[in-house]
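Here are the chains, one letter per residue:
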Amino acid sequence: MIVTTAAFGAHQLTLIASVNEHSSPKLVEVNWLLAGDSWHSSKSIPKLKKHYGLVDQSFTLINEDSLSENEPAQALLIETIAQLKSYFKGDRQAFDLPLDISLGTKFQQRVWQALQDIGYGETISYATLAQNVASPKGFRAVANANSKNPFSIIVPCHRVIASDGKLGGYTGGLDKKTYLLALEGVTCKT
């Protein structure tokens, strides 16, 4: 796994790409990095290690400025950073990146796929998302799957709000959810 961190204004993200000699690299995580934390403190690192059968040496941290276009996994991280920068500037509304969603359960994968159908600047409720994944009474399960989304921003779980129009939750923090929705021209009740 290749790991890098990238700053987007006051916000910082951890990006992790797979390295596989038998297939093209894919993103396995893009998540918020809290102030003062390092990528090692990500809650998903133990899950990634278990899922991919890795040990500590299997993660290589490369500074954003040192990534090489000549290495496929690093080139993917460079492209991810470029697409995120374009999004934060308001020039991009959707992402075109290969994602490895295999870490999630089948239900989580369905939810993460459905999240990608929510358009830029649009919001839906957890209840509507539950209906969209054929689990009409499963809004709590959908909210839980959202909280496990390993691809913040790219798989837009920030576009799911409560039925009453309030923000609901967000793993990256409500300040980031508010920021992302405002960037997309959406205001919610507080």
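- In the nomenclature of an unreviewed UniProt entry, the protein is known as Methylated-DNA--protein-cysteine methyltransferase of Psychrobacter immobilis.
- For the record of the protein, the UniProt heading Subcellular location (unreviewed entry) holds the text "Cytoplasm".
- Turning to the protein, the UniProt annotation filed under Function (unreviewed entry) states: "Involved in the cellular defense against the biological effects of O6-methylguanine (O6-MeG) and O4-methylthymine (O4-MeT) in DNA. Repairs the methylated nucleobase in DNA by stoichiometrically transferring the methyl group to a cysteine residue in the enzyme. This is a suicide reaction: the enzyme is irreversibly inactivated."

A short note on helix H5 (residues 139-147)
The periodicity of an α-helix, 3.6 residues per turn, causes residues three or four positions apart to be oriented the same way.
So, point 1. All buried positions along H5 are accounted for by Val142, Ala145 and Asn146. Down the axis of H5, the buried side of the element spans an arc of 105°, and every buried residue falls inside it.

Examining the layout of surface pockets
So, point 1. Roughly 160 Å³ of internal volume is contained in the second largest pocket.
So, point 2. Surrounding the second largest pocket, 14 residues form its lining, Ala94, Phe95, Gln116, Ile154 and Pro156 being those nearest its centre.
So, point 3. Residues of the lining of the second largest pocket, tallied by class, amount to nine nonpolar, three polar and two charged.

Comments concerning the pattern of salt bridges
So, point 1. Scanning the model with the defined rule gives two salt bridges in all.
So, point 2. Between Glu64 and Lys85 there is a salt bridge whose closest N-O contact spans 3.5 Å. Taken together, the positions of Glu64 in the loop between strand S4 (60-61) and helix H2 (72-88) and Lys85 in helix H2 put the pair 21 residues apart, joining distant regions of the chain.
So, point 3. On the basis of relative accessibility, which here comes to 25%, the residue Glu64 falls in the partly exposed class.
So, point 4. On the basis of relative accessible area, Lys85 is assigned to the partly exposed category, the value being 39%.

Examining the sheet that holds strand S1 (residues 2-8)
So, point 1. Here we have four strands laid out as an open sheet, ordered S3-S2-S1-S4, and mixed in their pairing. The outermost strands of the open sheet, each flanked by one partner alone, are strand S3 (27-33) and S4.
So, point 2. Examined bridge by bridge, S1 and S4 share two bridges and lie parallel to one another. When the sheet's bridge partners are listed, Ile2 is paired in S4 with Thr60.

Focus on the UniProt feature "domain: Methylguanine DNA methyltransferase ribonuclease-like" (unreviewed entry) in the protein
So, point 1. UniProt records the feature "domain: Methylguanine DNA methyltransferase ribonuclease-like" (unreviewed entry) at residues 65-101, using the numbering of this structure.
So, point 2. This span, residues 65-101, is 46% helix and 0% strand, and a straight line between its end C-alpha atoms measures 27 Å.

Observations concerning the packing of aromatic side chains
So, point 1. Inspection of every chain in the model, using the stated rule, returns five aromatic pairs.
So, point 2. Centroid distance Tyr87 to Tyr120: 6.2 Å. Interplanar angle 80°. Geometry classified as edge-to-face. Linking Tyr87 in helix H2 with Tyr120 in the loop between helix H3 (106-115) and strand S5 (124-125), this pair joins segments that are 33 residues apart in sequence.
So, point 3. You can call Tyr87 buried: its relative accessible area is 0%.
So, point 4. By the ring-pair criterion, three or more aromatic residues cluster together here, those being Phe8, Tyr87, Phe88, Phe95, Tyr120 and Tyr179.

Section: the nonpolar core
So, point 1. Residues Leu27, Leu84, Leu115, Ile153 and Ile154 are the most contacted members of the largest nonpolar core, which totals 42 residues.
So, point 2. The biggest single contributor to this core is H2, with seven residues.
So, point 3. Each of domain 1 (2-89) and domain 2 (106-184) accounts for three or more of the residues forming this core.
So, point 4. Beyond its immediate stretch of four places on either side in the chain, Leu84 contacts Phe8, Leu13, Leu15, Val30, Phe95, Ile153 and Ile154.
So, point 5. In terms of nonpolar packing, the next biggest core, distinct from the first, is built from eight residues, Met1, Val3, Val28 and Ile45 among them.

Thoughts on H3
So, point 1. Inspection of H3 places Gln108, Gln109, Val111, Trp112, Ala114 and Leu115 among the buried residues, and these make up the whole buried set.
So, point 2. Looking at the packing, one finds that the buried side of H3 touches helix H4 (126-132), H5 and strand S6 (160-161).

Some thoughts on the UniProt feature "active site" (unreviewed entry) in the protein
So, point 1. Mapped onto this numbering, the UniProt entry annotates "active site" (unreviewed entry) at Cys157.
So, point 2. Topologically, Cys157 is positioned in the loop between H5 and S6.
So, point 3. The contacts of Cys157, once residues within four sequence positions are left out, are Leu115, Asn146, Asn149 and Tyr170.

The rules behind the values
Residues numbered from 1 in each chain as written. Predicted model: local features only at pLDDT ≥ 70, side-chain atom pairs only at ≥ 80, totals over all residues. Heavy atoms only, no water. UniProt positions renumbered as here; feature names shortened; annotations may be inferred. Buried < 20%, exposed > 50% of the residue type's maximum accessible area, 1.4 Å probe, protein only. Helix = DSSP H or I, 4+ residues; strand = E, 2+ residues; numbered from the N terminus. Arc of directions from axis to C-beta. 1 Å grid on protein atoms, 1.4 Å probe; cavity = no way out; pocket = protein on both sides within 12 Å on 5 of 7 lines; lining within 4 Å. Points joined across faces, edges and corners; volume = space filled by probe spheres on them. Nonpolar A, V, L, I, M, F, W, Y, C, P; charged D, E, K, R; others polar. Salt bridge = Lys/Arg side-chain N within 4 Å of Asp/Glu carboxyl O. Pairing = 2+ DSSP bridges. Phe/Tyr/Trp six-rings, centres within 6.5 Å; stacked < 30°, edge-to-face > 60°. Core = buried A, V, L, I, M, F, W, Y, C linked by side-chain atoms within 4.5 Å. Domains from an automatic or database assignment. Contact = heavy atoms within 4.5 Å.

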